[in-house]
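# Breakdown of the fold
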Amino acid sequence: MQIEIDPLSEVALYQQLRDRVVEAIAEGRLVPGDQLASVRQLAAAFAINVATVNKGYELLRHEGLIRTNQKSGSVVARGPDSSEASAEFVDAWVLRLRTLLAEAIAQGVPSAQLLGLVQQGIGGFAEARTVSPSVRVDEESLR
Amino acid sequence: MSLFVLWYALVMVTVVTAVTFILPALVRPTLPLGVSVPHDRVEMPVVRAAIRQYRRVVVAAWAVGVALTLVLFPSFPATASIVPLLLTLAIAMLGYTLSRRPILRAKEEGRWYEDVPVRIRAEITANSAPARPPLVWLTVAVVILLVAIAVGVEAYPTIADPTPLHWNATGQADAYAPKSVWSVFGTVLIGLGVVALLFACSFLVRLAPLRAVVGDTPVESLRRTRLRHRLLTSLLGQLAVVVAVQIGWLAAAGWFAPDGSETIMAGVIVLILLVLVVLVTFAVRYRHAVASWSAPSRGGRSDAPDDDRFWKGGLVYVNRDDPSVFVEKRFGVGWTVNFGSTGGKAFGIVLALVIVGGAVTAIVTSIAGYPS
């Protein structure tokens, strides 16, 4: 599975890397057990610093989304169908969501539109999860 | 007989010219003459004109090479077979360096990358199955050489003593050695060594990354990367077969027709034809694999970032952040070294030592007056 990051963005590369992986998990393009490229391989494929990729993986590890061990390298550790999110995670996430909503409301996005956008976002991820298995098969057939 | 040498020199100059002439067609369109440009600038007149300019220089280089060969040949046949070839290459390289400048200038003045969305892309899932080594071709090559050895063993009692070891450019044997296992089978053993080396290279191909192309859909990009990998590994395998055929032929010629220069010449002609067939087939298929990359019809998608600053003179890659030791060539087919990486630096030092060592040895030997 391929991911794209913007080398000129204000968002740090490691953060983009982490964000793209989280999105891929939400879309079912990455599922628990998927083997990820090693830090060095991915840095070489992107032509970016090894430390950048390491930092991105470190974030994902800290969030419990990937797991790394000596033998099998980095593996996707959880997905939408794994165990339910921990209470601590939800608490911390609600705080961030609050800020995000506040930004939209402060800028004058109407509540109805806001609600629609949130629904659209959730629907988009759910729909992607129904399509992803066939995309994965397509990619697999090319290996 | 000596006309053969002339003919051979002219063919070499022409083949080298043909390869340098078609190179722009084997590089993805967003890298005209090794300059990174956004996909919607590929058709710009300045880009087209620069490529035409490069090709004009290449043709001029060919004319210079041919003329010099013809002038040198009557008095210095040995020089005529190498110096014009090197000169042709040098002029083509100069043409590359000069012709790409207008694109660089237009890009800077026109701010081509302003407001162009750029992305870098990579495969994040572990690459489970890299391209397979060209086992079929390599097996064919090894079988050809083993058959040659078997034939040699069979014919051993009838092989001339001393046996020819080396032939000059006119196909006449000019070095002999007393008949022994080494002098009889040495050539074939060298051939096996070369095939083994090509096999090792095909593993290097597996290690060297082929970067995903921004602008294609992910599946398309994956398919193209695989195709390029496969074409490059099978090119190595096909070259191994060509080497095996040539070595087998040379060995057999030494065993059965030690004085027959026609046999050797026929072998050289077959070699050139085989290499041409392999190269032309490869070029056509490779072109097909790169041609539609980031074609204008794919407008609206993002571009690869401008990475010209990492390519010194459009030829030498130096990127300290990039951990890859081998990267795809900017202008050409295959890989080059990242002199900014740790492995690349080590490679550069070894290369420098070899060049300096070679030069020192050459100077010392020439001063000491050893025959070459």
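Overview of the structure. (Residues numbered from 1 in each chain as written. Chains lettered and ligands numbered in written order. Predicted model: local features only at pLDDT ≥ 70, side-chain atom pairs only at ≥ 80, totals over all residues. Heavy atoms only, no water.)

### A word on the overall build of chain B
- Along chain B, the regular secondary structure elements total ten helices and seven strands.
- Its C-alpha atoms give chain B principal-axis dimensions of about 75 × 50 × 40 Å.
- For chain B, the proportion of its 372 residues judged to be buried stands at 43%.
- Put simply, 70% of the contacts in chain B that link residues at least 6 apart link residues at least 24 apart.
- If you sum the accessible surface of chain B, you get close to 18,800 Å²; carbon and sulfur atoms cover 70% of it.
- Here chain B contributes 32 positively and 21 negatively charged side chains, and the mean placements of these two sets differ by 5 Å. (Helix = DSSP H or I, 4+ residues; strand = E, 2+ residues; numbered from the N terminus. Buried < 20%, exposed > 50% of the residue type's maximum accessible area, 1.4 Å probe, protein only. Contact = heavy atoms within 4.5 Å. Areas by Shrake-Rupley, 256 points an atom, 1.4 Å probe, with all protein chains shown as cover. Lys, Arg positive; Asp, Glu negative; His and termini not counted. Charge placed at Lys NZ, Arg CZ, Asp CG, Glu CD.)

### As for the packing of helix α2 (residues 39–46) of chain A against helix α3 (residues 50–62) of chain A
All names here are of chain A.
- The N-to-C vectors of α2 and α3 enclose an angle of 125°; their axes lie 8 Å apart at closest approach. When the axes of α2 and α3 are compared, the pair comes out oblique. Read as a crossing pair, α2 and α3 show a hand that is right-handed. Side by side, α2 and α3 meet where Val 39, Leu 42 and Ala 43 of the first sit next to Val 50, Val 53, Asn 54 and Tyr 57 of the second. (Axes fitted to C-alpha atoms, helices over the stretch in contact; angles between N-to-C directions. Parallel < 35°, antiparallel > 145°, perpendicular 65-115°, else oblique. Left-handed = near helix turned anticlockwise from the far one by under 90°.)

### Let's talk about a nonpolar patch on the surface
All names here are of chain B.
- A cluster of nonpolar side chains, contributed by Trp 7, Tyr 8, Ile 269, Leu 273 and Leu 276, occupies part of the molecular surface with about 420 Å² of accessible area.
- Contributing elements (two or more residues each) for the nonpolar patch: α1 (2–22) and α9 (261–291).
- Along the polypeptide, Trp 7 turns up in helix α1.
- Of the residues examined, Trp 7 reaches a relative accessible area of 40% and is grouped as partly exposed. (Patch = residues over 30% accessible without salt bridge, like charges linked within 9 Å, V, L, I, M, F, W, Y side chains within 5 Å. Salt bridge = Lys/Arg side-chain N within 4 Å of Asp/Glu carboxyl O.)

### Some details on the packing of aromatic side chains
All names here are of chain B.
- What the rule picks out here adds up to eight aromatic pairs over all chains.
- Relative to Tyr 317, the ring of Trp 311 lies with its centre 4.8 Å away and its plane at 40°, an arrangement referred to as tilted. Summarising the burial analysis for this pair, Trp 311 and Tyr 317 share the class buried.
- Connected via pairs of aromatic rings, a cluster forms that spans Tyr 156, Phe 185, Trp 255 and Phe 256. (Phe/Tyr/Trp six-rings, centres within 6.5 Å; stacked < 30°, edge-to-face > 60°.)

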